[in-house]
Amino acid sequence: MSDSDGKKTLGLRGGARPGNVKQSFSHGRTKNVVVETKRKRVVVPKPGASKPGGATPSGDPSRRPAGISDAEMARRMKALQAAKAREVEEAAAREAQEKAREEERARRRAEQEAKEREQREAEEKARAKAEEEDRKRKEAEAAANRAAAAPAAEAPKPARAPVNKPAPAATPRKQDRERDQRGRGKGRDDNRRSGKLTLGQATGGEGNRQRSMAAMKRKQERARQKAMGGAVEREKVIRDVQLPEAILVSELAIRMAERVGDVVKSLMNMGMMVTQNQTIDADTAELIIEEFGHKVTRVSDSDVEDVIKEIEDEEKDLQSRPPVITIMGHVDHGKTSLLDAIRDARVVAGEAGGITQHIGAYQVKTDGGTTLTFLDTPGHAAFTSMRSRGAQVTDIVVLVVAADDAVMPQTIEAINHAKAAEVPMIVAINKIDKPDANPDKVRTDLLQHEVIVEKMSGEVQDVEVSAVTGQGLDELLEAIALQSEILELKANPNRAAQGAVIEAQLDVGRGPVATVLVQNGTLRQGDIFVVGEQYGKVRALINDKGDRVKEAGPSVPVEVLGLNGTPEAGDVLNVTETEAQAREIADYREHAAKDKRAAAGAATTLEQLMQKAKEDESVNELPILMKADVQGSAEAIVQAMEKIGNDEVRVRVLHSGVGAITETDVGLAEASGAPILGFNVRANASARNTANQKGVEIRYYSVIYDLVDDVKAAASGLLSAEIREKFIGYAEMKEIFKVTGVGKVAGCLVTEGVARRSAGVRLLRDNVVIHEGTLKTLKRFKDEVAEVQSGQECGMAFENYDDIRAGDVIEIFEREEVTRTLD
Ligand code: GDP
């Protein structure tokens, strides 16, 4: 029967019919395509309309879905909601309705076939009515029977209406509505539920009358089955659809577990001509989701991160984990030496071969059997930048102070960092082997900074060590072990891993590599993860000894291979269930970061740059581009750069990154007139060529301090030279002469310093400057001289100034340009 309907020609004639379209292709091929016009699906507003008490104007079948307004959409949404509520009601009365429908259909057919039958029925009806009334009055039993039948009769009642001639005015409409509900509304729902929409079904509403008996029976059978198992099935089908602020049509279909085609059709019915690869907004998607009978859960973009939201571990799942230690202190107090000494002493002694690999962190075992994890990235920049990214990895800070030195600025900085992070400290008084070592001075120095060590009756453990001789190292490790015991550090190894990136770099052979310190859970080979704006699947794990391992538990540092990009130090790694989740989170973060950068006014376009320059007119900027070998260095350099400068000059890092200097870098540098600084990286050949052509300066460094010093010097060049005045002498006017051709000349005595012809002069009267200028003449006796010393007399006249009196004082000064430097 759908065939007979389907053969109609397609036109824009607006009939609610499907049709054929003849498509012509090149090479003379043609193809007949069965198409549905959207008219046919005018059913969309109807179910909603037919439900909430059908009297609303939205019941108007002539309403067209195309070009709907917001208000209309809202109304539809409401209607759909009402429809859903109605469906629930219907479910209860469904069986009764089905029966009613059968009756109705049967009767209608009978009506069409034979009028006599209708008449007979009318008679019967009348008779039955009379009988009913009789019975009501007479037989209590019959009344009871009727009462029992009443609930079922509720629905059948209107079904009887068409043949109930006495009330023609009210019934036809009711009948129509009923039919709409059953034939169309429900039929539509059924189609939706089954996920299939045949042409025949789609035209079900209008096609009712023309249906074959068999089709009708099939439909009834289906409906009955649905009604019986309806409740169960609906529960299965209704989905909570997570709806972000914008969604791809295809993704929406997947989330609803509906066919993309159906979703596209639905959208078309709403007047939205979209393909599956287009993105629709949440409001539209919500309408669709509700139309398909699913539940909407609106999620904001950031909710994609919810899948990695930390679940609190239960106490019983927690096991103790090794502490993570960062060594901090003033430069040259021996941080690196100490780290090396600890590693060498422990690893060489303990491991066969003892080949260590610097991966940014390592583990050692104390004599007492405690495992300790040291972060092999001394320095405060790493510590704070990690903390600022939300990765607090350090449990204990070892503050190194050289015994032959004192508490220095960076020592204080370290103390402050540790305090801010609320991380306990252990003081290692280093270089105790030195003859001029004075550990007690260090202890008293520390008092001033509210660090009271045990020897001063405080609570901070202090250990005297020598990184060179190895003295005190074991004590230091035991002190750390003790501190960690007090901290009762715990983690749950039996969960999805979470960790922090300590270092990351782009390895030529291995691709992006990140050293991750697992903080909770266990990271395993094959795990899918998101880390900062990157994601990946663990291809291999390599421990601090250079061995491949299958897994890494809490406080274990490992090199992770299998990233799609290079993350940044301090980025948090989370294992996710699916790659889609990981990618989604990474994408979201990338966009968020981009937005943030754009919002922060990062130089993205030239216009923005110029705008920015205008705003900061008074400030000279030294733009630079910086590439480094590892993220840690890049960050340290950027932080150092940010510190350079003052109110007048500052360094602006246009871009910093990890890896070789590329043509893109050169392009950016050229656009901004910036030099490129490479720290332990080089420019590739094409970048070198372009840089040569475009005159972009590339400098290479392998020591951070050199780089910083250079940049400082360059920035200093931007400082406008300071003009300083130097008073070189004073002279007092004794007498004023008038000399023809010269004007007024003062006979003076140089009272202080020297009077110089070329110098600047000021005329002071009663200590008030009344003129500033230069000298026209400086005479000693008759001769013009270059300078006159203190205690000597001379004649002086001002250039272009005559108002001089005896008793005035001349101040003689020189200006010098002082090149300033940034400190
Ligand atoms: P960092 O800048 O804090 O990492 O300091 P380094 O570890 O680079 O050490 C600075 C200098 O101090 C190096 O020349 C080391 O050899 C020396 N040094 C470090 N520890 C000791 C020590 O315990 N005793 C002696 N005598 N020298 C040390």
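Residues numbered from 1 in each chain as written. Predicted model: local features only at pLDDT ≥ 70, side-chain atom pairs only at ≥ 80, totals over all residues. Heavy atoms only, no water.

Considering the pattern of salt bridges
With the rule as written, the count across this model stands at 30 salt bridges. For Asp-462, the salt bridge identified is with Arg-443, shortest N-O distance 2.5 Å. Here the residue Asp-462 occupies a position in strand 13 (residues 461-464), and Arg-443 occupies one in helix 17 (residues 439-447), the gap between them amounting to 19 residues. Residue classification places Asp-462 among the buried positions, given a relative accessible area of 15%. For Arg-443, a relative accessible area of 3% translates into the label buried. When the shortest N-O distance is used, the salt bridge between Arg-762 and Glu-811 registers 2.6 Å. Of this pair, Arg-762 sits in strand 30 (residues 760-765) while Glu-811 is found in strand 35 (residues 809-818), placing the two residues 49 residues apart along the sequence. What makes Glu-811 buried here is its relative accessible area of 8%. A cluster of three or more residues bridged by salt bridges with shared partners is formed by Asp-440, Arg-443, Lys-455, Asp-462 and Glu-464. (Salt bridge = Lys/Arg side-chain N within 4 Å of Asp/Glu carboxyl O. Helix = DSSP H or I, 4+ residues; strand = E, 2+ residues; numbered from the N terminus. Buried < 20%, exposed > 50% of the residue type's maximum accessible area, 1.4 Å probe, protein only.)

Thoughts on the site of the ligand
Not every one of the 15 residues close to the ligand is listed here, only the nearest: Asp-332, Thr-336, Ser-337, Asp-433 and Ala-467. Separating an oxygen atom of the ligand from a side-chain N or O atom of Asn-430 is a distance of 3.0 Å. At a separation of 2.8 Å, an oxygen atom of the ligand approaches a polar backbone atom of Ala-467. Ranked by residues supplied to the shell around the ligand, first place goes to helix 14 (residues 335-350) with three residues. Residue composition of the shell around the ligand, grouped by class: three nonpolar, seven polar and five charged. (Near = heavy atom within 4 Å. Polar contact = N/O pair within 3.5 Å; in protein donor to acceptor, adjacent residues only side chain to side chain. Nonpolar A, V, L, I, M, F, W, Y, C, P; charged D, E, K, R; others polar.)

Here we look at the packing of aromatic side chains
The tally for this structure, following the rule as stated, stands at three aromatic pairs. A ring pair is formed by Tyr-362 and Phe-374, whose centres lie 5.7 Å apart and whose planes are at 25°; its orientation type is stacked. Residue Tyr-362 is located in strand 9 (residues 361-365), and its partner Phe-374 is located in strand 10 (residues 371-375); the two are separated by twelve residues in the primary sequence. An angle of 85° between the planes, with centres 6.2 Å apart, marks the rings of Phe-798 and Tyr-801 as edge-to-face. Overall, the relative accessible area of 2% leaves Phe-798 in the buried class. When the ring centre of Phe-813 is taken as reference, the NZ or CZ atom of Arg-762 above it lies at 3.9 Å. (Phe/Tyr/Trp six-rings, centres within 6.5 Å; stacked < 30°, edge-to-face > 60°. Lys NZ or Arg CZ within 6 Å of the ring centre and 35° of its normal.)

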